[in-house]
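Commentary on secondary and tertiary structure
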2 protein chains.
Amino acid sequence: MAKRLGKRTIAFQQPPAIMASAAIVGEKEGQGPLGQFFDVVSQDSHFGQKSWELAESEMQKQTIALAVEKAGLQMTDLDCILAGDLLNQCIGSSLASVEAHLPYLGLYGACSTMAQGLALGAALIDGGAIRKAAAAASSHFCSAERQYRFPLAYGGQRPPTAQWTATAAGAAILAKGGSKIRITHAIFGEMVDMGVKDANNMGSAMAPSACDTLEHLFEDTHTQPTDYDRILTGDLAAVGADLLVTLLRKDGIDITPVYSDCGSLLYGSEQDTHAGGSGCGCSAAVVCGHILRDMEQGTLHKVIFAGTGALMSPTSLQQGQSIAGICHAVVLERAN
Amino acid sequence: MAKRLGKRTIAFQQPPAIMASAAIVGEKEGQGPLGQFFDVVSQDSHFGQKSWELAESEMQKQTIALAVEKAGLQMTDLDCILAGDLLNQCIGSSLASVEAHLPYLGLYGACSTMAQGLALGAALIDGGAIRKAAAAASSHFCSAERQYRFPLAYGGQRPPTAQWTATAAGAAILAKGGSKIRITHAIFGEMVDMGVKDANNMGSAMAPSACDTLEHLFEDTHTQPTDYDRILTGDLAAVGADLLVTLLRKDGIDITPVYSDCGSLLYGSEQDTHAGGSGCGCSAAVVCGHILRDMEQGTLHKVIFAGTGALMSPTSLQQGQSIAGICHAVVLERAN
């Protein structure tokens, strides 16, 4: 059974474990500073498929299969797949798992989807509803560009605040026990809309929700930033991460000693991604490839992963609606 | 704590309650045979808004607020809203709850979303992760037509197998106890893809998944159709419902004595909706307006609600992908 702490936080009394995780990325992501931490860097951005959408599905499918294999399991050992992506009707994820013949829960949390899946999966396992599950998320630069912005061949200009949708997928296998790494707490985020209407400045749209979720988490758990080895947001990128640090400082909280952002970590400054990475796959791959590996190896012990999403659609933007941010978070802890 | 029964079913040992529910529909839905059971029949299909998308959001927002009011609660009493719709990036639901200042979980299960929300919400409450939650779903004929098919003014022809996207929203308030109506079991559905590629024949695409989920539920709980007062699918409509009956009969199961389908119930045969209703709001409004009211009044005691969704996008159809069906179900029981 879970216990509620303070206003928002869910504390798992027998914390669900992350048995294994996997990350598969595209060529550009493989060339970035985290390239060595991903399980597979694909040289084929089509992943052997005939459309970008199918390429994304194939990437997510391979990532889930690899995570299951690394956990020493068969697909049939899972009770459920929780997955989501940015494509209309979340088709990338449903196509990825249609042949899995497993119960499937489609999620939509924009770029916060991986955190939403980890939080929900942990809560379902803790409550006994399921025993083992995969949480997964993906994004693909080419499917996202076409859907959200311009045809690739158009070569649209990008302002400095813009983020680059990562070609990446991450998957984690959750279970009742059997691993060193546990999800001890989860917090479902509240939408915060500060009136940002610029889809090329999603970091600013999302930072206030990250601030809200982190402040609730610190308060509910009576902890402070330095109680964690790492506080990781995903994917605020350079503009949003700076804004988050500023917002928290105004409330007397300094996260800078332990703070990183998945969108800032994924690409090198020479890779011309402007503010940094984004897309459901960005934080999914950084957490499943890099952070969980560091936890496994013992260089990180206690981590907050706060996934951030920008809730908007091309239609809502065209109609003049502002972009709400949302931030779901989990606390990951390594048993000594 | 939940207990697993058989292969797939989740049995809640202290079944979460449905404290109250609400349904708001459009004019055409109000003119149908269930018109009197809905809380509000709006004469304004714009719901006072300037776009169809905002109209849908406003309808869902009002439905959640009404359900909260009927439960005798304030919005701040909720720990979470679980919601989804058919619009790209599920924007109808996020805009509906952006001002609620509550933790929000975005779901995507196409027309199975209401069942997914009830199942997930019940599991989260049973496991102690949340105490009270709203599960909601909506669809709007005009926002769906534009997105999936043709501009309204084009007057596209519809084949007899086509379904009519309902302008409707439903919301239910879930809590640990405090009501006669309980969710005793839940089952997360598996995608089933039988190769149907015709978006005007979604009933056929979804029926096999409904068959799969119902068969698992009967087997896991050692029950048969006549153990229930009503088995309700949503939204297979005439074509899919017939197919489901046939598929189950082949396996020796006869649901006809207790079977109804939300898509078949919503409209009268004179309303020219062809096979019947569809859209996330169809089953949401039929369950939250009609079925839960009958249970409250004691004319129904034990009901299976099996929500069905067609997992596809306009892009996936254009690319030649087939449509997978999914079916999440809950068992509703009235305490005597």
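Right above here is the structure, for reference.
Fair warning: this is a prediction, and the values are worked out from it, not measured in the lab.

Parameters and conventions
Residues numbered from 1 in each chain as written. Chains lettered and ligands numbered in written order. Predicted model: local features only at pLDDT ≥ 70, side-chain atom pairs only at ≥ 80, totals over all residues. Heavy atoms only, no water. Contact = heavy atoms within 4.5 Å. Buried area = accessible area lost by both parts, 1.4 Å probe. Salt bridge = Lys/Arg side-chain N within 4 Å of Asp/Glu carboxyl O. Polar contact = N/O pair within 3.5 Å; in protein donor to acceptor, adjacent residues only side chain to side chain. Helix = DSSP H or I, 4+ residues; strand = E, 2+ residues; numbered from the N terminus. Nonpolar A, V, L, I, M, F, W, Y, C, P; charged D, E, K, R; others polar. Buried < 20%, exposed > 50% of the residue type's maximum accessible area, 1.4 Å probe, protein only. Phe/Tyr/Trp six-rings, centres within 6.5 Å; stacked < 30°, edge-to-face > 60°. Lys NZ or Arg CZ within 6 Å of the ring centre and 35° of its normal.

**A word on the interface of chain B and chain A**
With 58 residues of chain B in contact, the opposing surface of chain A contributes 58 residues. Carbon and sulfur atoms supply 62% of the area that chain B and chain A bury against each other, a total of about 4700 Å² over both sides. Ranking the residues of chain B by area buried against chain A places B:Arg4, B:Gln89 and B:Met191 at the top, with a combined share of 16%. Among the ionic pairs, B:Asp79 bridges to A:Arg4, the shortest N-O distance being 3.3 Å. At the boundary of chain B with chain A, the tally comes to 20 residue pairs in polar contact (both at pLDDT 80 or more). Going through the elements one at a time, β1 (2-5), α2 (52-70), α3 (91-97), β6 (104-106), α4 (113-126), α5 (141-148), α10 (314-318) and β15 (324-334) of chain B are the ones with two or more residues in the side of chain B that touches chain A. Sorting elements by how many residues they give to the side of chain B that touches chain A places α4(B) first, with 5 residues. In the side of chain B that touches chain A, the residues fall into 30 nonpolar, 18 polar and 10 charged.

**Points about the pattern of salt bridges**
Residue and element names in this part refer to chain B. Counted under the stated rule, the structure contains 22 salt bridges over all chains. The partner of Glu190 in a salt bridge is Arg8, with the nearest N and O atoms 2.8 Å apart. Taken as a pair, Glu190 in the loop between β10 (181-187) and α6 (202-221) and Arg8 in the loop between β1 and β2 (9-12) lie far apart in primary sequence, 182 residues in all. Its relative accessible area of 5% is what places Arg8 among the buried residues. Put simply, Asp39 and Lys70 hold a salt bridge, and the shortest N to O gap is 2.6 Å. In this pair, Asp39 is assigned in the loop between α1 (27-30) and β4 (40-41) and Lys70 in helix α2, connecting sequence segments 31 residues apart.

**Focus: the packing of aromatic side chains**
Scanning the entire structure with this criterion turns up 6 aromatic pairs over all chains. Aromatic pair A:Phe218 and A:Tyr228: ring centres 6.3 Å apart, planes at 50 degrees, arrangement tilted. Residue A:Phe218 is found in helix α6 (residues 202-221), and its partner A:Tyr228 is found in the loop between α6 and β11 (230-234); the two are separated by 10 residues along the sequence. Its relative accessible area of 6% is what places A:Phe218 among the buried residues. When its relative accessible area of 4% is taken as the criterion, A:Tyr228 is described as buried. A cation sits over an aromatic face here: A:Lys302 above A:Tyr228, 5.0 Å from the ring centre. A cation over an aromatic ring shows up here: B:Lys28 above the ring of B:Trp164, its NZ or CZ 4.2 Å from the ring centre.

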